[in-house]
Amino acid sequence: ASFLGIGTQNVYFIKSDERGKMIPEELEKQVQLARKEGAAPFFVSATSGTTVLGAFDPLDEIADICERHDLWLHVDASWGGSALLSRKHRKLLHGVHRANSVAWNPHKMLMAGIQCCALLVKDSSGLLKRCYSAKASYLFQQDKFYDVSYDTGDKSIQCSRRADAFKFWMTWKALGTAGLEERVNRALALARYLVDEIKKRDGFHLLLEPEYANICFWYIPPRLRNMEKGPEFWEQLHQVAPIIKERMMKKGSMMLGYQPHCGKVNFFRQVIISPQVSREDMDFLLDEINLLGQDL
């Protein structure tokens with residue numbers, strides 16, 4: 001909205017539940033409210049794989065609302081879209097076939113060379129060219145000897161750009177569909193292993209049960225473990241993750257992200273992608289956090 005000049009003040013935000021998923025009933029309310037206020041809603045952006053919690057919006061229910069109100073449904077599947085390549089996990093995106101457009105980043109879960117992004121549009125009318133083409137005949141001649149529909153430069157805002165599609169084609173060619181599926185399955189299997197280990201260890205506490213490869217958790221030092229979980233506890237726990245992050249970086253042992261989110265104090269977020277990561281690495285992660293934070 002900002003880049004297009006629509007203005008962020010014209011964006012209606014939809015409430016999400018405790019797992020970070022859009023609440024369809026709240027979307028319906030906001031559509032009605034927008035029209036009551038004289039606005040003209042036309043676009044809904046759902047998410048499959050949110051950045052922090054790895055949440056997947058209920059696409060079928062959202063699509064029902066969009067169809068009822070004639071709204072364009074876009075799904076930001078930049079992170080979670082790769083689950084479609086897994087027969088075991090593609091159910092996370094149930095209903096995505098009803099979207100008008102989908103954004104997907106193979107450079108994330110599938111580890112194609114960065115950057116490698118795709119915009120998939122359910123349209124056969126040349127929509128992208130009608131939107132973006134400047135009909136620059138000095139660049140995109142129409143009388144070439146080959147099929148000029150392959151001149152994709154006339155279908156995007158950018159004219160000169162890297163051949164992102166080639167990177168993904170090479171990755172797919174090298175690994176095959178089965179190899180890409182295995183990357184997804186292995187990452188989520190390791191995520192499950194890490195979750196199980198967190199549950200076994202004193203001082204580690206999950207924010208929520210993950211449904212993707214985002215593992216969000218707190219490390220609670222021994223000094224705080226028997227403290228009542230009131231304002232003072234949360235204030236002190238908020239300071240733990242930044243200190244451990246500083247220590248691990250100065251030691252050079254690893255790097256791990258942390259953040260507060262939706263009223264929750266700072267917590268660690270481990271996102272598992274690389275096929276070279278092992279169970280031993282997950283064990284080291286937890287051991288190192290405990291080593292660096294047990295005196296806090």
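To be clear, the structure that these remarks concern was listed above.
Residues numbered from 1 in each chain as written. Predicted model: local features only at pLDDT ≥ 70, side-chain atom pairs only at ≥ 80, totals over all residues. Heavy atoms only, no water.

Undergrad: How would you summarise the sheet that holds strand β5 (residues 204–206) if you had to cite specific residues and measurements?
TA: The four strands lie next to each other as β5-β6-β8-β7, forming an open sheet whose pairing is antiparallel. Each end of this open sheet is capped by a strand with a single partner; those strands are β5 and β7 (257–261). Strand-to-strand twist in this sheet, taken as the mean axis angle between neighbours without regard to direction, amounts to 45 degrees. Bridge count between strand β6 (residues 214–219) and strand β8 (residues 264–271): four bridges; the pairing is antiparallel. The residue bridging Cys216 from the neighbouring strand is Arg269, located in β8. Lying over the sheet, helix α6 (residues 240–251) contacts β6, β7 and β8, oriented at roughly 40 degrees with respect to β8. The sheet contacts of helix α7 (residues 279–293) involve β5, β6 and β8, and relative to β6 the element is tilted by about 25 degrees. (Pairing = 2+ DSSP bridges. Helix = DSSP H or I, 4+ residues; strand = E, 2+ residues; numbered from the N terminus. Axes fitted to C-alpha atoms, helices over the stretch in contact; angles between N-to-C directions. Contact = heavy atoms within 4.5 Å.)

Undergrad: If you had to explain the sheet that holds strand β3 (residues 101–104) to someone new, which residues and values would you point to?
TA: Spatial strand order, β1-β2-β3-β4: four strands in an open sheet with mixed pairing. The sheet terminates laterally at β1 (43–47) and β4 (118–121), the two strands that pair on one side only. With direction set aside, neighbouring strand axes in the sheet form an average angle of 20 degrees. Across three bridges, the pairing between strand β2 (residues 72–76) and β3 is parallel. Bridge pairing in β3 links Asp76 to Ala103.

Undergrad: With reference to specific residues and values, describe the side chain of Gln270.
TA: Turning to its location among the elements, Gln270 is positioned in strand β8. Apart from residues no more than four positions distant in its own chain, Gln270 is found in contact with Leu194, Ala213, Asn214, Ile215, Phe217, Leu256 and Leu285.

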